[in-house]
Amino acid sequence: MDTREKLNLLGQAARYDDCTALGSDAVAEGRGLFAPEGAEPRPSRDLFPCISHLTTPWGERKATLKVLQTSACQNNCNYCAFRAGRDLRRAHLTPDELARSFDLMYRAGVVESLFLSSGVIGTVKTMDEMLATTELVRLKYGFRGYIHLKLLPGAEDAHIARAVELADRVSVNLEGPTPERLAALAPQKRMDELVGPLRAAAQLIHKQRGQTPVRPPSDSWRLTPDPWGQARLGMSTQFVVGPAGESDRELLSAAQMLYREVRLSRAYYSAFNPVKNTPLEGATPTDPLREHRLYQADWLLRFYHFSADELPFDAAGLLSAEMDPKAAWAQAHPERFPIEVNTASAPDLLRVPGIGPHSARAIVQARRQAALRELGDLRKLGARADRAASYVTLAGKRPPYQPPLPFS
């Protein structure tokens, strides 16, 4: 099997990891329903199956080599396409092969960044190879751009420390929000072996920053940092949504815990799709709309000062499929509205459907110069005026021609 064929196989195997998406206010404000800015665009197949594309906050598409070191694995995760014992063609790239391939692709202008994960054939051996690959990319080939490196369950302290030095972001997939849910997905994995590397990485990252841990205000970044690495973009994780019977409340509560305790940069939510010849092949696929609602709610936790306890879950702990969670929260709290746009605090503005962090800051700045009197004033500042109209007053007056309050 030649190197290109290995790259194709290992790129296909890596498609189950979400790792490269960035987003904006549109996630929490209900736009882009089936292509949310909290979920990664589908990988490009124009050149290689191992090439995916991310979208930066300023709208540019960037190509990344998204690949596994090996698709061989000792774990028997119930949902995984390359679980131990499953009959499929597997591949492995040596550190030299993978680093050289990335360098050639980068110099040809085919990719601009690297995401590296792996199946597990001995945690120590596999982490050694992944770190060797990353060291070659950095030190031999002089790549100074963005690298996202996966930490394997039970990774040793020395592995974690070196990964933090080399990569711009490190991550561990928790898969389930609780030990019980994890056991239904991955019987051989333990929650402490997954959370432990995140906690260890967090300590290293915050120590090297020399300050009290503070979660970054946004997920924006440059693809050509100087200096490289130092895990400047922090950590991420991923949950498998659906087959373990977990609720949205469980998922978002787990994410909130990680945001607060280890200053996680972001969580990904992957809607389950069954894979043939796995224990969960007969399970029901998860509706992509559920994934989208989770991203919207997660955005509220990260940027809108909501807590998981106040999100609008139903009796089963699920978010509404019919309405985005921010609008659902507003409908459940008529006592909070309408608010006066010209005097409301920034946190209160963030509770208004149609107003996000960027437009809230613009409103606070603009009203220092002159009162905002029309919906057009909000629209010019980036707010979704049509969504906000039912919840605000402008200079003491309700906007004209607005629809009736949904709770009136």
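**Focus on the overall build of the protein**
Phase 1: Counting its secondary structure elements, the protein contains 13 helices and nine strands.
Phase 2: Counting across all 408 residues of the protein, residues that qualify as buried make up 56%.
Phase 3: Here the contacts in the protein between residues at least 6 apart in sequence split such that 68% fall between residues at least 24 apart.

**Section: the environment of Ala327**
Phase 1: One can find Ala327 in helix H9 (residues 325-332).
Phase 2: Classification of Ala327 by relative accessible area gives buried; the value is 10%.
Phase 3: Sequence spacing of Ala327 and Pro353 is 26 residues, and the spatial spacing of their C-alpha atoms is 5.7 Å.
Phase 4: For Ala327, the contacting residues outside a window of four places in its chain are Pro353 and Arg387.

**Topic: the packing of aromatic side chains**
Phase 1: Tallied over the entire structure, the rule returns nine aromatic pairs.
Phase 2: For the ring pair Phe102 and Tyr106, a centre distance of 6.2 Å and an interplane angle of 10° mean the geometry is stacked. Note that Phe102 and Tyr106 are positioned in helix H2 (residues 95-107) at a spacing of four residues, about one turn of the helix.
Phase 3: Note on Tyr106: relative accessible area 35%, which makes it partly exposed.
Phase 4: Here the aromatic rings of Tyr106 and Phe143 are separated by 4.9 Å at their centres, their planes lie at 80°, and the arrangement is edge-to-face. Linking Tyr106 in helix H2 with Phe143 in the loop between helix H3 (123-140) and strand E4 (147-150), this pair joins segments that are 37 residues apart in sequence.

**Examining H2**
Phase 1: Here H2 contains 13 residues, and its C-alpha end-to-end distance of 18 Å stays within 8% of the 18 Å for a straight helix at 1.5 Å per residue.
Phase 2: Considered for burial, the residues of H2 that qualify are Pro95, Leu98, Ala99, Ser101, Phe102, Asp103 and Met105.
Phase 3: With its phi angle positive at about 80°, Gly109 sits one or two positions after the end of H2.

**Details of the packing of H2 against H3**
Phase 1: Direction vectors running N to C along H2 and H3 enclose 35°, while the axes themselves pass 8 Å from each other. Crossing angle aside, the handedness with which H2 passes H3 is right-handed. Along the contact surface, H2 presents Pro95, Asp96, Leu98, Ala99 and Phe102, while H3 presents Glu129, Ala132, Thr133, Leu136 and Val137.
Phase 2: Tallied by class, the residues present in the contact of H2 with H3 amount to seven nonpolar, one polar and two charged.

**Regarding unusual backbone geometry**
Phase 1: Looking along the chain, the bond that leaves Phe337 and enters Pro338 is cis, with omega of 0°.
Phase 2: Turning to its location among the elements, Pro338 is positioned in the loop between H9 and strand E8 (339-340).
Phase 3: With phi around 70°, Glu175 is a residue other than glycine that occupies positive phi space.
Phase 4: Considering the arrangement of structural elements, one finds Glu175 in the loop between strand E5 (169-171) and helix H5 (179-185).
Phase 5: Residue Asn277 is not a glycine yet carries a positive backbone phi of 60°.
Phase 6: Structurally, the position occupied by Asn277 is in the loop between strand E7 (266-271) and helix H8 (288-303).
Phase 7: Among the residues examined, Asn277 registers a relative accessible area of 57% and is labelled exposed.

**What about the pattern of salt bridges?**
Phase 1: Going through the model one piece at a time under the given rule, you end up with 21 salt bridges.
Phase 2: For Arg107, the salt bridge goes to Asp103, with nearest N and O atoms at 2.9 Å. Of this pair, Arg107 and Asp103 both sit in helix H2, four residues apart, which is roughly one turn of the helix.
Phase 3: A relative accessible area of 9% places Asp103 in the buried class.
Phase 4: With its nearest N and O atoms 3.9 Å apart, the salt bridge here joins Arg302 to Asp298.

**With respect to the side chain of Ser118**
Phase 1: Of note, Ser118 is situated in the loop between strand E3 (113-117) and H3.
Phase 2: By relative accessible area, Ser118 is classed as buried at 8%.
Phase 3: A polar atom in the side chain of Ser118 sits 3.4 Å from the backbone nitrogen of Thr70.
Phase 4: Beyond its immediate chain neighbours, meaning those up to four positions away, Ser118 contacts Leu68, Gln69, Thr70, Thr126, Met130 and Leu152.

**Quick notes on the environment of Gln238**
Phase 1: Looking at the element boundaries, Gln238 is found in strand E6 (residues 235-241).
Phase 2: The class for Gln238 is buried, based on a relative accessible area of 4%.

**What about the pairing of E3?**
Phase 1: Within E3, five of the five residues are buried, leaving the element largely enclosed by the surrounding structure.
Phase 2: Here E3 shows a buried face lined by Ser113, Phe115 and Ser117 and a second buried face lined by Leu114 and Leu116.
Phase 3: Inspection of the sheet shows strand E2 (residues 61-68) paired to E3 by five bridges, in the parallel sense. Across the sheet, residue Thr64 finds its bridge partner in E3, namely Ser113.
Phase 4: Once you follow E2 into H2 and on to E3, the crossover reads as right-handed.
Phase 5: As judged from the three bridges shared by E3 and E4, these two strands associate in the parallel manner. Residue pairing for E4: Leu114 is matched across the bridge by Ile147.
Phase 6: Read from E3 through H3 to E4, the crossover connection turns out right-handed.

About the cut-offs
Residues numbered from 1 in each chain as written. Predicted model: local features only at pLDDT ≥ 70, side-chain atom pairs only at ≥ 80, totals over all residues. Heavy atoms only, no water. Helix = DSSP H or I, 4+ residues; strand = E, 2+ residues; numbered from the N terminus. Buried < 20%, exposed > 50% of the residue type's maximum accessible area, 1.4 Å probe, protein only. Contact = heavy atoms within 4.5 Å. Phe/Tyr/Trp six-rings, centres within 6.5 Å; stacked < 30°, edge-to-face > 60°. Expected span 1.5 Å × (residues − 1). Axes fitted to C-alpha atoms, helices over the stretch in contact; angles between N-to-C directions. Left-handed = near helix turned anticlockwise from the far one by under 90°. Nonpolar A, V, L, I, M, F, W, Y, C, P; charged D, E, K, R; others polar. Salt bridge = Lys/Arg side-chain N within 4 Å of Asp/Glu carboxyl O. Polar contact = N/O pair within 3.5 Å; in protein donor to acceptor, adjacent residues only side chain to side chain. Pairing = 2+ DSSP bridges. Right-handed = clockwise from strand over helix to strand, strands pointing away.

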